[in-house]
Amino acid sequence: MSDFERTAVQWYPGHMTKARRDIEASLPLVDAVCEILDARIPMSSRNPDIDTLAAGKPRLVILNRVDLADPDVTARWRQWFKRGGLYVLETDAKSGRGVDKFPQALKTVLKDKIEHYESRGQTGRPLKAMILGIPNVGKSTFINKAARRKAALAGDRPGVTRGRQWITVDERIVLLDTPGILWPRFDSVEVGEALALTGAVKDEIFDRESLAAGFLSRMARTAPEVIAARYKFTPSPEKNGYEMLADAARGRGFLISRGEPDTERAANIILNEYRGGKLGRLSLEAPPEAE
Ligand code: G4P
């Protein structure tokens, strides 16, 4: 069994059952669910069961970390979700960019519900929403920004049980202060790789050299010029990822004795630079081309 499969097994059934139970307990209390995805990997960061879980609830898709994603690719994703009937908000929760548009986006998603409440004279009735997403996608950061507060959330304090609390976003909108933690996809090694590259799952499930080699193979197809400029070699989809990792080590002058490329050092640098945004705004997944 690979380390990736072992991690998948750890999620089932214990974690997943608990996560599902927590979400199912909260869903009846809310008018809408807001599903946060990583804009660089909207497919891989989507929970595989979200359509079933959130069935019947108005939904908002939040593409977060747009500061790290290619803006053109993000625009294509927005269209892609829209074609699937889902409204999209783009955010950089870390700086707060886009989060100010959250109340309006939620009111758009809840238009029918608002009209229904108003037809019954319930004009001031609060609109309740919850945030859902896989670990580390930015849920807590988003909630704190939406509520304009700095405090850490309950998730940071293990063992503290509290009643459900609502936090005010504006005069009309309240948010469940504890986000729903969804289980990640474990469909394939490619998905696992995408999750590990963006920091959604821990590095240990892949060795860093394999991960960096996989990253270079992806980039050789989608952004070869970025890799060429930064690591001083010519990437090509025909080359093997490990071969390119060695090229990158040589390109950057990372050598061990006898001039052998230090691929371990190169891998660490590449992963850190990608995650830190030093390579620019690079998406790892593009939507399927429209038929
Ligand atoms: P979670 O609740 O879903 O588990 O995620 P959380 O908010 O804890 O965010 C995980 C990490 O992602 C945090 O970084 C957070 O700052 C960062 N983050 C969240 N949203 C964005 C975004 O839109 N853009 C960028 N660039 N980063 C984002 P950290 O390394 O854990 O902490 P720190 O760097 O903030 O100190």
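Being a predicted model, the structure only gives us computed values, none of them experimental. Residues take numbers from 1 onward in each chain, read along the sequence in its written order. Local features are withheld for residues below a pLDDT of 70 in this predicted model, meaning they are given only at 70 or higher, and side-chain atom pairs are given and counted only at 80 or more; totals for whole chains, interfaces and linings count all residues. Processing note: side-chain calculations cover all non-hydrogen atoms of the structure and skip hydrogens and water entirely.

1. Structural notes on the site of the ligand
Note the threshold: Nearness of a residue to a molecule or strand requires only that one of the residue's heavy atoms be within 4 Å of it. Under this definition, polar contacts are N or O atom pairs within 3.5 Å; protein pairs additionally need one hydrogen-donor-capable and one acceptor-capable atom, and for neighbouring residues in sequence, both atoms have to be side-chain atoms. Using a 1.4 Å probe, accessible areas were evaluated by the Shrake-Rupley method; residue-level cover was limited to the displayed protein chains.
Around the ligand, a shell composed of 13 residues is seen, among which Asp67, Ala93, Lys139, Ser140 and Thr141 lie nearest. In the environment of the ligand, an oxygen atom lies 2.8 Å from a nitrogen or oxygen atom belonging to the backbone of Asn136. Contact between the ligand and Thr141: an oxygen atom at 2.5 Å from a side-chain N or O atom of the residue. Protein burial of the ligand: of its 700 Å² of free accessible surface, 63% is covered by the chains.

2. Description of the pattern of salt bridges
Quick note on the threshold: Between Lys or Arg on one side and Asp or Glu on the other, a salt bridge is scored when a side-chain nitrogen of the former is within 4 Å of a carboxyl oxygen of the latter. Helix and strand definitions follow DSSP, with helices as H or I runs of at least four residues and strands as E runs of at least two, each counted in order from the N terminus. Only protein chains enter the accessibility calculation, which uses a 1.4 Å probe; a residue whose area is less than 20% of its type maximum is buried, one above 50% is exposed, and one in between is partly exposed.
Tallied over the full model, the rule gives 20 salt bridges. Of the charged contacts in the structure, one is a salt bridge between Arg20 and Glu24, with a shortest N-O distance of 3.7 Å. In this pair, Arg20 and Glu24 both sit in helix 1 (residues 3-26), 4 residues apart, roughly one turn of the helix. Under the relative-accessibility criterion, Arg20 is labelled partly exposed at 27%. Classification of Glu24 by relative accessible area gives partly exposed; the value is 40%. The residue Asp51 makes a salt bridge to Arg59 at a minimum N-O spacing of 2.9 Å. Residue classification places Asp51 among the partly exposed residues on the basis of a relative accessible area of 48%.

3. Observations concerning the confidence of the model for the protein
What counts is decided by this rule: Values of pLDDT, the confidence the predictor places in each residue, fall between 0 and 100. Any pair of residues with heavy atoms lying within 4.5 Å of one another is described as a contacting pair.
On average, residues of the protein score 90 in pLDDT, and 91% of them are at 70 or above. A low-confidence stretch, residues 151-161 (pLDDT under 50), is modelled with 9 contacts involving residues beyond four sequence positions or located in other chains.

4. Observations concerning the nonpolar core
Stated formally: Only buried Ala, Val, Leu, Ile, Met, Phe, Trp, Tyr and Cys residues count toward a nonpolar core, and they belong to the same one when joined by side-chain atoms within 4.5 Å.
Ranked by internal contacts, the top residues of the largest apolar core, which has 75 residues, are Ile62, Phe102, Phe142, Leu175 and Phe215. In terms of residues, this core owes the most to one element, helix 8 (residues 208-222), which gives 6 residues. Filtering out sequence-adjacent residues up to four positions away, Phe102 remains in contact with Cys34, Leu60, Ile62, Leu89, Phe142, Ala146, Val169 and Leu175.

5. Concerning the pairing of strand 6 (residues 173-176)
Side chains on a regular strand alternate between the two faces of the sheet. To be explicit about the condition: The criterion for strand pairing is that DSSP finds at least two bridges linking the strands in question.
Where burial is concerned, the two faces of strand 6 agree: the one with Ile173 and Leu175 and the one with Val174 and Leu176 are both buried. In terms of strand pairing, strand 4 (residues 127-133) meets strand 6 through 3 bridges, oriented parallel. Its bridge partner being in strand 6, Leu127 is matched across the sheet by Ile173. Pairing between strand 5 (residues 166-168) and strand 6: 3 bridges, direction antiparallel. Along strand 6, the bridge assignment pairs Thr168 with Val174. Linking two consecutive strands that pair antiparallel, namely strand 5 and strand 6, is a turn of 4 residues.

6. Observations regarding the side chain of Arg185
Checked against the element boundaries, Arg185 lands in the loop between strand 7 (180-181) and helix 7 (189-197). Reaching out from Arg185, the side chain makes a polar contact with the backbone oxygen of Arg46 at a distance of 3.1 Å. At a separation of 2.9 Å, a polar atom in the side chain of Arg185 contacts the side chain of Asp187. Non-local contacts of Arg185, meaning those with residues more than four positions away in its chain, are made with Met43, Ser44, Arg46, Asn47, Pro48, Val191 and Leu195.

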